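# Survey of secondary and tertiary structure
In case you want the letters, here they are:
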Amino acid sequence: MQLPALRNSYAQLPERFFAPTDPKPVSEPRLIRFNQPLAEELRLDADQLTSREGVEMLAGNRFPEGLQAIALAYAGHQFGNFVPQLGDGRALLLGEVVDVNGTRRDIQLKGSGPTRFSRNGDGRAALGPVLREYVVSEAMAALGIPTTRSLAAVLTGDPVYREVRLPGAVLTRVAASHIRIGTFQYFAARHDVDGLKILADYAIDRHFPQLAGQARPYRALLEAVVTAQAGLVARWMLVGFIHGVMNTDNTAISGETIDYGPCAFMDAYDPSAVFSSIDRAGRYAYANQPRVATWNLTRFAETLLPLMSTDENDAVAEAEDVLRSFQSSYEAVLQRGFRRKLGLLTEAEGDLQLAADFLDVLARGEADFTLGFRRLGDDLDAAEGQGTARPLFQDPDAFDAWSARWRERVASEAADTATRRAAMHAVNPKFIPRNHRIEEMIQVVLGGDFTPFEEILGVVSRPFDEQPEMEHYADPPRSDERVLQTFCGT
């Protein structure tokens, strides 16, 4: 097979870090979608990967000579409960490529069959969750939010059995790496300090090479991961994204969004919004995400304590000092983002209260989060009490009172309307992968028609453009279209 030779630096670590695994072949692999722009970014040959041999590789049927796939070992807190051994139960790391920016990125198959970590599972993925991850991860990339990416989706020709019989599929996922907080927890749970040091040094070399020469590299590693996660979660909040399963095994130290299971974008703004069918207590509700991120990072800090100091008290004090920086890092990104969403080009006292009050008006008015911000930009030159944003609100009088304050603040800045509108539309998407549209798409695809998948993928890949021919994809769901629960699909 003349396919890309993939380096696998993780496979050079000690064997307790992973399990070499051959994927279980599938019967009739068929390419559903190949991400040509991403392939070019990764410097991969699209013709090779979409050939018969390439699709066989993307399905996990056969690999180029010398390629040994591995399943990574990790642990994790799942809904607050610690599980000492999880690992890649249905995913295999094929190796790494160096992209056009000189960054090493993992190529992983998801749904490729059982591994040593499958825990009696079949190691497979159903078509619906594969397409959901493809669409949502590519939407997140288009929104400028750090994320894993989707390179390809392949039908296997074999069924998987969940509540019902479903077509199977394999997703090819691309990530800066697949090192998770749970990876560090795996070694900490085994009191394997040598393993922790090897992992931490590998993580520094891979993600934060500038830290290698520092006097306290492991404190610096904690600082870097805290900063990355603070920025990531703030960016989720700015677009109304709810991850759904913020377990420590779903928290990548690279600061990328990973593992799109029961995720969702909010329609009507509700800080307590929960969509995951398994999050019955609301642990991972929209408004809880910053607090959960801090909790997860505290678990990460605990794993680094033996590396930070031989004196446990000193190490704890040092870690606590770093963890306190999360809130300021998070708030800096969030506040800057909300100013931009409101079209404020300068900083002034009262801006943050103005943003908080708009969120309150959105919540009380049961107004759509995405369109609420987008239409502010549309209405910059609309008359007071007019415009397209006002009809979104159940209580338009409250919106009018807030809008008067906002317009007064906007008028205090010297910027023309066209410039301000362009700036607002560059950060306030018109199109997001709305739950009801994704569920509609999946149901049609299960009937054999992939047209809606291609259509929604095309729309959310251009979230800030007007796309008048696709206007219906911007509409919030009617009451009978609302999707109240999303599912993991494991």
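One structure accompanies this document, and this report is about it. (Residues numbered from 1 in each chain as written. Predicted model: local features only at pLDDT ≥ 70, side-chain atom pairs only at ≥ 80, totals over all residues. Heavy atoms only, no water.)

### Looking at the packing of helix H7 (residues 217–239) against helix H8 (residues 289–308)
The description of two helices packed together rests on the angle between their axes and the distance between the axes. For the record, the criterion: Interaxial angles span 0 to 180 degrees and are taken between N-to-C directions of axes, which are lines fitted to C-alpha atoms, for helices over the stretch in contact. By the criteria applied, helices consist of DSSP H or I runs no shorter than four residues and strands consist of E runs no shorter than two, each listed in order from the N terminus. Angle categories are assigned with fixed cut-offs, so that under 35 degrees is roughly parallel, over 145 is roughly antiparallel, 65 to 115 is roughly perpendicular, and the rest are oblique. Note on definitions: a residue-residue contact is assigned when non-hydrogen atoms from the two residues lie within 4.5 Å. Put simply, Ala, Val, Leu, Ile, Met, Phe, Trp, Tyr, Cys and Pro go in the nonpolar bin, Asp, Glu, Lys and Arg in the charged bin, and everything else, Gly too, in the polar bin.
H8 packs onto H7 with a crossing angle of 170° between their chain directions and a minimal axis gap of 10 Å. In terms of orientation, H7 lies roughly antiparallel with respect to H8. Residues Tyr218, Arg219, Leu221, Leu222, Val225, Val226, Gln229, Val233, Trp236 and Met237 of H7 pack against Gln289, Pro290, Ala293, Leu297, Phe300, Ala301, Leu304, Leu307 and Met308 of H8. Split by residue class, the contact of H7 with H8 holds 16 nonpolar, two polar and one charged.

### Things to note about the pattern of salt bridges
Note the following rule: What counts as a salt bridge is simple: a side-chain nitrogen of Lys or Arg found within 4 Å of a carboxyl oxygen of Asp or Glu. Buried, partly exposed and exposed residues are distinguished by accessible area as a fraction of the type maximum, computed with a 1.4 Å probe on protein chains only: under 20%, between the cut-offs, and over 50%, respectively.
Evaluation of the coordinates by the stated rule reveals 44 salt bridges. Linking arginine 173 and aspartate 259 is a salt bridge whose minimum nitrogen-to-oxygen distance equals 2.9 Å. Within this pair, whereas arginine 173 is found in strand S10 (residues 165–175), its partner aspartate 259 is found in the loop between strand S11 (241–242) and strand S12 (264–265), the two being separated by 86 residues in sequence. Judged by its relative accessible area of 12%, aspartate 259 falls in the buried class. In this structure, glutamate 302 engages arginine 299 in a salt bridge whose closest nitrogen and oxygen atoms are separated by 2.6 Å. Of this pair, glutamate 302 and arginine 299 both sit in helix H8, three residues apart, which is roughly one turn of the helix. Here glutamate 302 falls in the partly exposed class, since its relative accessible area comes to 41%.

### Section: the nonpolar core
Note the cut-off: Residues grouped as a nonpolar core are buried Ala, Val, Leu, Ile, Met, Phe, Trp, Tyr and Cys residues, joined through side-chain atoms within 4.5 Å.
Of all hydrophobic cores here, the largest spans 151 residues; its most connected members are Tyr10, Phe184 and Leu342. Sort the elements by how many residues they give to this core and H7 lands first, with 15 residues. Leave out the neighbours within four places in its chain, and leucine 342 touches Leu354, Ala355, Phe358, Phe373, Leu376, Trp402, Trp406, Val410 and Met424.

### Remarks on the side chain of threonine 370
For threonine 370, the location among the structural elements is in helix H12 (residues 369–378). Setting aside chain neighbours within four positions, we find threonine 370 in contact with Met266, Pro429, Lys430, Ile432 and Arg434.

### Quick word on helix H11 (residues 351–364)
This is how the line gets drawn: Under the convention used throughout, the expected extent of a helix is 1.5 Å for every residue step, that is, one less than its residue count. Along the arc lie the directions from the helix axis toward the C-beta atoms.
For H11, with 14 residues, the first-to-last C-alpha span of 20 Å sits near the 20 Å given by 1.5 Å per residue. Residues Asp351, Leu354, Ala355, Phe358, Leu359, Val361 and Leu362 constitute the buried set of H11. Here the buried residues of H11 occupy an arc of 160° about the axis, which is enough to place them on one side. Those residues of H11 that are buried are in contact with helix H10 (325–341), H12 and helix H13 (396–411). Just past H11, the residue glutamate 366 takes up positive phi, approximately 50°.

### Some points on unusual backbone geometry
Positive phi outside glycine occurs at phenylalanine 79, with the angle close to 55°. Secondary-structure assignment places phenylalanine 79 in the loop between strand S4 (76–78) and strand S5 (81–83). On the accessibility criterion, phenylalanine 79 (26% relative accessible area) is partly exposed.

### Details of the side chain of aspartate 192
Threshold: Residues adjacent in sequence count toward polar contacts only when both atoms are side-chain atoms; beyond that, a polar contact is any pair of N or O atoms within 3.5 Å, and within protein one must be able to donate a hydrogen and the other to accept it.
By secondary structure assignment, the location of aspartate 192 is in the loop between helix H5 (181–189) and helix H6 (193–207). At a separation of 2.6 Å, a polar atom in the side chain of aspartate 192 contacts the side chain of arginine 16. Apart from residues lying up to four places away in sequence, aspartate 192 is in contact with Arg16 and Phe187.

### Some points on the pairing of strand S7 (residues 104–110)
Our working rule: Pairing between strands is defined by DSSP: at least two bridges between them are needed.
Counting buried positions over the seven residues of S7 gives seven, a clear majority of the element. Neither face of S7 is left uncovered, since the one carrying Arg104, Asp106, Gln108 and Lys110 and the one carrying Arg105, Ile107 and Leu109 both have all their residues buried. The turn linking strand S6 (residues 91–98) back onto S7 is made up of five residues, and glycine 102 within it adopts a positive phi angle of 80°. With five bridges connecting them, S7 and S10 associate as antiparallel partners. Paired with glutamine 108 across the bridge in S10 is arginine 173.

### Focus on the pairing of strand S9 (residues 149–161)
Direction of pairing for strand S2 (residues 30–34) relative to S9: antiparallel, over a ladder of four bridges. Each bridged residue has a counterpart across the sheet, and for arginine 33 the counterpart in S9 is alanine 153. The sheet contact formed by S9 and S10 spans nine bridges and is antiparallel. When the bridges of S10 are listed, arginine 149 appears paired with valine 174. Hairpin geometry of S9 and S10 is characterised by an intervening segment of three residues between the two adjacent antiparallel strands.

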